[in-house]
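Topology and contacts: notes
Listed here are the chains, written in short residue letters.
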Amino acid sequence: MASRPPVAERRAIEKVISAAAATGARAHIVHLSAAECVAMISGARAAGIRLTAETCPHYLYFTAEQVPDGATEFKSCPPIRDSVNREALWRGLEAGVIDCVVSDHSPCPPELKSFGSGDFGAAWGGIASLQLGLSAVWTVARRRGRTLDDVARWMASAPAALAGLPAKGRLAAGCDADMVAFDPDEPYVVDPARLYHRHPVTPYAGRTLTGRVRQTWLRGIPLLEGEGEAPVGRLLERGCTQYG
């Protein structure tokens, strides 16, 4: 965290805002972690600059105080910051300055993560969040009095709108039948051996999360019913409304 202080993130975002202001282009800030930049993003929007921003589940769930010494499974870029920063990130999300929450899914084999070495300098900077992100965000969101409607907006409809995919991210006539059966009240302990990630190295190991996915459907096709299923995903093109 000391090698990647908030000022580095702030200066990078300042350059993006300056370029967007000079060119009139739309810009997007990925995996925002430094909450002190939220006010700057809000100010840029108020000035008419077309700017959006996202953050990730690990920045909303973990704090730097929870990271054990040498636990390289927690390394991400930018880094997980302290509890005061996490609270400010949540406030930025709740206020609508941060538009969405995305997985920033970054899987890698244990050897690239320098797993067990304690060497943060050598470790790959990324966290595999795809399977656990919904539960991680919901675990904290429900404590803050937020609803599943909020989470669906942050993690589904807003990212789909940002990516220009009108048939994704919402349940409506003419949209793809992408759905999740989600039990919002069931707690479970994260067991890396039960993850579907190819390389189940995760900082969530042993954490108790609330909310379990029971079933998923992609374009109406049920998934996660067993092992060895043939892939049914398709390349999505911006602006398309039907994928068949």
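Everything that follows concerns the structure shown earlier in this document.
Residues numbered from 1 in each chain as written. Predicted model: local features only at pLDDT ≥ 70, side-chain atom pairs only at ≥ 80, totals over all residues. Heavy atoms only, no water.

Moving on: the sheet that holds strand β3 (residues 100-101). An order of β1-β2-β3 is seen for the 3 strands of this open sheet, with the pairing classed as parallel. Strands with a single pairing partner mark the edges of an open sheet, and in this sheet they are β1 (27-29) and β3. The sheet contact formed by strand β2 (residues 51-55) and β3 spans 2 bridges and is parallel. Across the sheet, residue T55 finds its bridge partner in β3, namely V101. (Pairing = 2+ DSSP bridges. Helix = DSSP H or I, 4+ residues; strand = E, 2+ residues; numbered from the N terminus.)

What follows covers the pairing of β2. A regular strand places its side chains so that they alternate between the two faces of the sheet. Taken across its 5 residues, β2 has 5 buried, putting it largely inside the fold. As paired elements, β1 and β2 share 3 bridges and run parallel to each other. Each residue of the ladder has a partner; that of H28, found in β2, is T52. After leaving β1, the chain enters helix α2 (residues 38-46) and then returns to the sheet as β2, a path that is right-handed. (Buried < 20%, exposed > 50% of the residue type's maximum accessible area, 1.4 Å probe, protein only. Right-handed = clockwise from strand over helix to strand, strands pointing away.)

Our next topic: the nonpolar core. Ranked by internal contacts, the top residues of the largest apolar core, which has 47 residues, are L32, L51, W90 and Y204. At 5 residues, helix α5 (residues 133-143) tops the list of elements feeding residues into this core. Contact partners of L32, with chain neighbours within four places excluded, come to E9, I13, C37, V38, I41, E54, T55, Y59, L89 and I98. (Core = buried A, V, L, I, M, F, W, Y, C linked by side-chain atoms within 4.5 Å. Contact = heavy atoms within 4.5 Å.)

Let us now look at α5. Taken across its 11 residues, α5 has 8 buried, putting it largely inside the fold. Within α5 the residues assigned to the buried category are G133, S135, A136, V137, W138, T139, V140 and A141. In this structure, the buried residues of α5 make contact with α3 (57-61), α4 (83-94), β3, α6 (148-163), β4 (179-189) and β5 (208-218). The first or second residue beyond α5 is G145, which carries a positive phi of 80°.

Given a rise of 1.5 Å per residue, 18 residues ought to cover 26 Å, and the 26 Å separating the end C-alpha atoms of helix α1 (residues 6-23) matches this to within 8%. Regarding α1, the residues found buried are E9, I13, I17 and A20. Down the axis of α1, the buried side of the element spans an arc of 70°, and every buried residue falls inside it. For α1, the exposed residues set more than 90 degrees away from the buried face come down to R11, K15, A22 and T23. Within two residues after α1, G24 carries a phi angle of roughly 80°, on the positive side. (Expected span 1.5 Å × (residues − 1). Arc of directions from axis to C-beta.)

Turning next to the environment of D183. Of note, D183 is situated in strand β4. For the pair formed by D183 and V213, sequence separation is 30 residues and the distance between their alpha carbons is 6.4 Å. For D183, the residues in contact, after removing those within four places along its chain, are G211 and R212. Separated by 3.0 Å, the side chain of D183 and the backbone nitrogen of D185 make a polar contact. Of note is the side chain of D183, whose polar atom sits 3.5 Å from the backbone nitrogen of E186. (Polar contact = N/O pair within 3.5 Å; in protein donor to acceptor, adjacent residues only side chain to side chain.)

If you walk through the whole model with that rule in mind, you get 5 aromatic pairs. When the ring of F62 is compared with that of F74, the centres are 5.1 Å apart and the planes differ by 75°; the resulting orientation is edge-to-face. Of this pair, F62 sits in the loop between α3 and α4 while F74 sits in the loop between α3 and α4; the two residues are 12 residues apart in sequence, bridging distant segments of the chain. Exposure class is identical for F62 and F74. Each is buried. Ring geometry for W90 against W154: centres 5.8 Å apart, planes inclined by 70°, an arrangement best described as edge-to-face. Taken as a pair, W90 in helix α4 and W154 in helix α6 lie far apart in primary sequence, 64 residues in all. (Phe/Tyr/Trp six-rings, centres within 6.5 Å; stacked < 30°, edge-to-face > 60°.)

Right, let's talk about unusual backbone geometry for a bit. In this structure, the amide linkage connecting C77 to the following residue, P78, adopts the cis form with an omega of 0°. Summarising the element assignment, P78 is placed in the loop between α3 and α4. The backbone of H31 sits at a positive phi, close to 25°, despite the residue not being glycine. Positionally, H31 belongs in the loop between β1 and α2. Its relative accessible area of 21% is what places H31 among the partly exposed residues. A positive phi angle, near 50°, is found at R219, a position not held by glycine. Inspection of the secondary structure assignment puts R219 in the loop between β5 and β6 (221-223).

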